[in-house]
Amino acid sequence: MNAALVLFSGGQDSTTCLYWALKRFSSVRTLCFRYGQRHSPEVETARKIAEKTRVPFQVLDASIIGQLADSSLTNNAIPMDEEVPDKSCPNTFVPGRNMLLLTFAAVIARAHGIKHLVTGVSQTDFSGYPDCRDTFIRSVNVSLNLSMEEQFVIHTPLMWLNKAQTWQLADELGIFDIIRNETLTCYNGIPGDGCGHCPACKLRNEGLKKYLKTH
């Protein structure tokens, strides 16, 4: 079965990946996570976009991540880094998040007979998160296959795209306005162009400016 499961947060990257998957797979499901993130309104944003695209939408309680992680995304008492530190991960990094989310996604995909997982990680506009790198994705793909005796394929359509190129892909997919106005990328939970000063907004908005200058 040519089916895919999209790890879906309702943000710019995962929404672009959802529409990318819809053009490539005959059947698509979405999986969203609650892990104690401060920008929890993203879950309802994701639900609305999934309804718009008429794909199955599932929310999984992954709150154990928030209980374990020491991150400004899961602990409002920690002031959020607005810049990537020179020699360490920013405090918006949630340790173990992508490894656990991909593991949960693979288990659910297996239950539905799905071999293809799609995630919006990228190392081109590197956020300082080690679990967004291509080497990590390749490694966890092998580990998941070995652990379940399966042949999962993890797709990362944005891995080698910078944010301006991600905006370009959205435009090519015919969803520029949806990404601009209906997604929630902001770590402070503000949809669209967001708060403008959190790391996610800075990356998104700088990419948008670069793209609009050339188009």
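Residues numbered from 1 in each chain as written. Predicted model: local features only at pLDDT ≥ 70, side-chain atom pairs only at ≥ 80, totals over all residues. Heavy atoms only, no water.

Draft legend 1. Main features of the overall build of the protein chain. Helices and strands together make up the secondary structure of the protein chain, namely eight helices and five strands. The helix and strand sequence of the protein chain, counted from the amino end, reads β-α-β-α-β-α-α-β-α-β-α-α-α. Whereas a compact globule of 215 residues would reach a radius of gyration of roughly 17 Å, the protein chain reaches 16 Å, a difference of no more than 12%. Dimensions of the protein chain along its principal axes, counting C-alpha atoms only, are 45 × 40 × 30 Å. Each of the 215 residues in the protein chain was classed as buried or not, and the buried ones make up 52%. (Helix = DSSP H or I, 4+ residues; strand = E, 2+ residues; numbered from the N terminus. Rg over C-alpha atoms; globule rule 2.2 N^0.38 Å. Buried < 20%, exposed > 50% of the residue type's maximum accessible area, 1.4 Å probe, protein only.)

Draft legend 2. Spatial organisation of the side chain of Ser-14. Within the fold, Ser-14 resides in helix H1 (residues 12-22). Polar side-chain contacts of Ser-14 include one of 3.0 Å to the backbone nitrogen of Ser-9. A polar contact of 3.2 Å, which involves the side chain of Ser-14, links it to the backbone nitrogen of Gly-10. The contact partners of Ser-14, leaving out residues within four places of it in the chain, are Val-6, Leu-7, Phe-8 and Ser-9. (Polar contact = N/O pair within 3.5 Å; in protein donor to acceptor, adjacent residues only side chain to side chain. Contact = heavy atoms within 4.5 Å.)

Draft legend 3. Here's a closer look at the nonpolar core. Core analysis: the biggest nonpolar cluster contains 37 residues, and Leu-5, Leu-102 and Leu-144 have the highest contact counts within it. Mapped onto this core, the elements with two or more residues apiece are strand E1 (3-7), strand E2 (27-34), helix H4 (97-111), helix H5 (134-148) and helix H8 (199-214). Looking at which element gives the most residues to this core, the answer is H4, with six residues. Ranked by size, the runner-up nonpolar core spans 29 residues in total, among them Ala-4, Tyr-19, Trp-167 and Tyr-211. (Core = buried A, V, L, I, M, F, W, Y, C linked by side-chain atoms within 4.5 Å.)

Draft legend 4. Here's a closer look at the pairing of E2. The buried count for E2 comes to six of eight residues, which makes it a mostly enclosed element. Two elements, E1 and E2, share five bridges in a ladder whose sense is parallel. Opposite Leu-5, over in E2, you have Arg-29 as the bridge partner. In this fold, E1 hands off to H1, which returns the chain to E2; that crossover is right-handed. Across five bridges, the pairing between E2 and strand E3 (residues 57-61) is parallel. Pairing of Thr-30 across the sheet is with Phe-57, part of E3. (Pairing = 2+ DSSP bridges. Right-handed = clockwise from strand over helix to strand, strands pointing away.)

Draft legend 5. Main features of the packing of helix H6 (residues 163-172) against H8. Contact geometry of H6 with H8 gives a least axis separation of 7 Å together with a crossing angle of 70°. In this view, H6 runs roughly perpendicular relative to H8, as classed from their interaxial angle. Where H6 crosses over H8, the two elements pack in a sense that is right-handed. Where H6 abuts H8, its residues Lys-163, Ala-164, Trp-167, Gln-168 and Asp-171 lie against Leu-203, Arg-204, Gly-207, Leu-208, Lys-210 and Tyr-211. Residues of the contact of H6 with H8, tallied by class, amount to five nonpolar, two polar and four charged. (Axes fitted to C-alpha atoms, helices over the stretch in contact; angles between N-to-C directions. Parallel < 35°, antiparallel > 145°, perpendicular 65-115°, else oblique. Left-handed = near helix turned anticlockwise from the far one by under 90°. Nonpolar A, V, L, I, M, F, W, Y, C, P; charged D, E, K, R; others polar.)

Draft legend 6. Main features of the pattern of salt bridges. A full pass over the atoms with the stated rule returns eight salt bridges. Residue Asp-13 is joined to Lys-163 by a salt bridge in which the shortest nitrogen-to-oxygen separation is 3.1 Å. With Asp-13 in helix H1 and Lys-163 in helix H6, this residue pair connects regions lying 150 residues apart in the sequence. One salt bridge in this structure joins Glu-44 and Arg-34, with 3.6 Å as the shortest N-O distance. Of this pair, Glu-44 sits in helix H2 (residues 42-53) while Arg-34 sits in strand E2, and the two are ten residues apart along the sequence. Members of the salt-bridge network, linked through shared partners, are Arg-34, Glu-44 and Arg-47. (Salt bridge = Lys/Arg side-chain N within 4 Å of Asp/Glu carboxyl O.)

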